[in-house]
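# An overview of the molecular structure
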Amino acid sequence: MRAMDMPIIDHRGPEFQKLGKRVLEKIKTIFKTRDPVFIFPSSGTGAWEAALANLFAPGDAILMYETGQFATLWKNMAQKIGLRPEFMTSDWRGGINAAAIEQRLREDKEHRLKAVCVVHNETSTGATSRIDEVRGAIDAAGHPALLLVDTVSGLGCADYRHDEWGVDVSVSGSQKGLMLPPGISFNAVSEKALKSARASDTPKLYWSWEEMLPLNANGFFAYTPATGLLYGLDVVIDMMHEEGLDHVFARHQRHAEATRRAVAAWGLETVCLEQRCHSPVLTAALMPQGHSADQFRRIVLEHFDMSLGMGLGRLADKAFRIGHLGDINDLTLLGALSGVEMGLALSGVPAGKGGVGAAMDYLRETSV
Ligand SMILES: *Cc1c(COP(=O)(O)O)cnc(C)c1O
């Protein structure tokens, strides 16, 4: 916050150029890539659209995977801009089934499907998928499809490896794991994707990688950047490296495990049922039948001034979400879990009382 409390400078001047060059280079370390990373003044939704607009033309078929509400929204966007997304459906209770993707790609003998689009961390359900397995599925099928990954809420919380996993476009935003206010978003773009984009004649300007690339090379942008947020990005990347990315990821895992122990002690079910896909970013819990998640969330907000994530899409009023991402520690997490435990009791939800205790036990046992 202090880093962003700065006067805005001339975004065509030499002082900005240094900042621009620095952040465009440093952000690559977070995506674990050598590829260019484009920064847009937009929310994550803009970066979704940028990825699709640079690569595809109306009528193009792409394969998308329904991990939950965010995957559904991206699919709806693809439809609205005239693409033909084929949606592999799921029950929202786990991560991506890479074998199913491999099978579908094997059937696509004429290579009609131009891309596979998946969500790394599905924020509506609390499921994190194995992107290396999706890459493996595309390779095993010998299919030339591009791999597009939404890591809007995964980046900076769960390990992410754009280069090693052979991702063609990684989409992210500033306001989740990167701990910044909303307002900037990212596309990390492979050489293969840049080449596809150069061959595309779909009309676009604001989102165009081509317009941005030569200016970015000198630290500048094609139009007014969100300078204030770039100051913040500069510092937040340093903060993450100061802690160490592996430490950041382990901290998220540990807080996620403590949260799941609390949820289990309350006798609630997590939305994600697949053990290996539990998200380090957030935990979504189902309310017992006949109890309103939104009513419970309202009580928690009124009594304790704490906002829990709402159930989205088909989970509306059925689930609530506990975020455990970003700048939190053991005691802030326990504060949040205490609010949930007291809120459940105040709402008359039949739930066990030992959730905070179970989380405390785990945090104490694993404290260093
Ligand atoms: C938040 C989020 C988005 C959308 O980002 P906005 O910044 O709200 O436009 C997309 N995908 C996932 C997985 C998200 O968590």
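In spatial order, the strands read β10-β11-β13-β12; together these 4 strands make up an open sheet with antiparallel pairing. Sheet topology places β10 (269-270) and β12 (309-310) at the edges, where each strand pairs with a single neighbour. In this structure, β12 lies alongside strand β13 (residues 319-323), joined through 2 bridges in antiparallel fashion. Paired with Gly309 across the two strands is Arg321, which belongs to β13.

To continue, consider the pairing of strand β1 (residues 37-40). By the alternation rule, side chains of β1 split into Val37 and Ile39 and Phe38 and Phe40, which are all buried. Alignment of β1 against strand β9 (residues 185-189), held across 4 bridges, turns out to be antiparallel. Looking at β9, one finds that Val37 is bridged to Ala188.

Glancing now at the nonpolar core. Ranked by size, the top nonpolar core spans 82 residues in total, and within it Ile101, Val116, Val118, Leu148, Trp209 and Leu233 carry the most contacts. Once you skip the residues sitting within four places of it in the chain, Val118 turns out to touch Tyr65, Trp74, Ile96, Ile101, Ile131, Val134, Leu147, Leu148, Val149 and Asp150. Counting 25 residues, the second-largest nonpolar core is a separate cluster that includes Val263, Leu268, Ile322 and Tyr362.

As a further point, take helix α3 (residues 69-80). The first and last C-alpha atoms of α3 sit 16 Å apart over 12 residues, in line with the 16 Å expected at 1.5 Å per residue. Where α3 is concerned, the buried positions are Gln69, Ala71, Thr72, Trp74, Lys75, Met77 and Ala78. Those residues of α3 that are buried lie in contact with α2 (44-55), β2 (61-65), β3 (84-88), β4 (113-119), β5 (121-122) and β7 (146-150). With its phi angle positive at about 95°, Gly82 sits one or two positions after the end of α3.

Rules used in this analysis
- Residues numbered from 1 in each chain as written.
- Predicted model: local features only at pLDDT ≥ 70, side-chain atom pairs only at ≥ 80, totals over all residues.
- Heavy atoms only, no water.
- Pairing = 2+ DSSP bridges.
- Helix = DSSP H or I, 4+ residues; strand = E, 2+ residues; numbered from the N terminus.
- Buried < 20%, exposed > 50% of the residue type's maximum accessible area, 1.4 Å probe, protein only.
- Core = buried A, V, L, I, M, F, W, Y, C linked by side-chain atoms within 4.5 Å.
- Contact = heavy atoms within 4.5 Å.
- Expected span 1.5 Å × (residues − 1).

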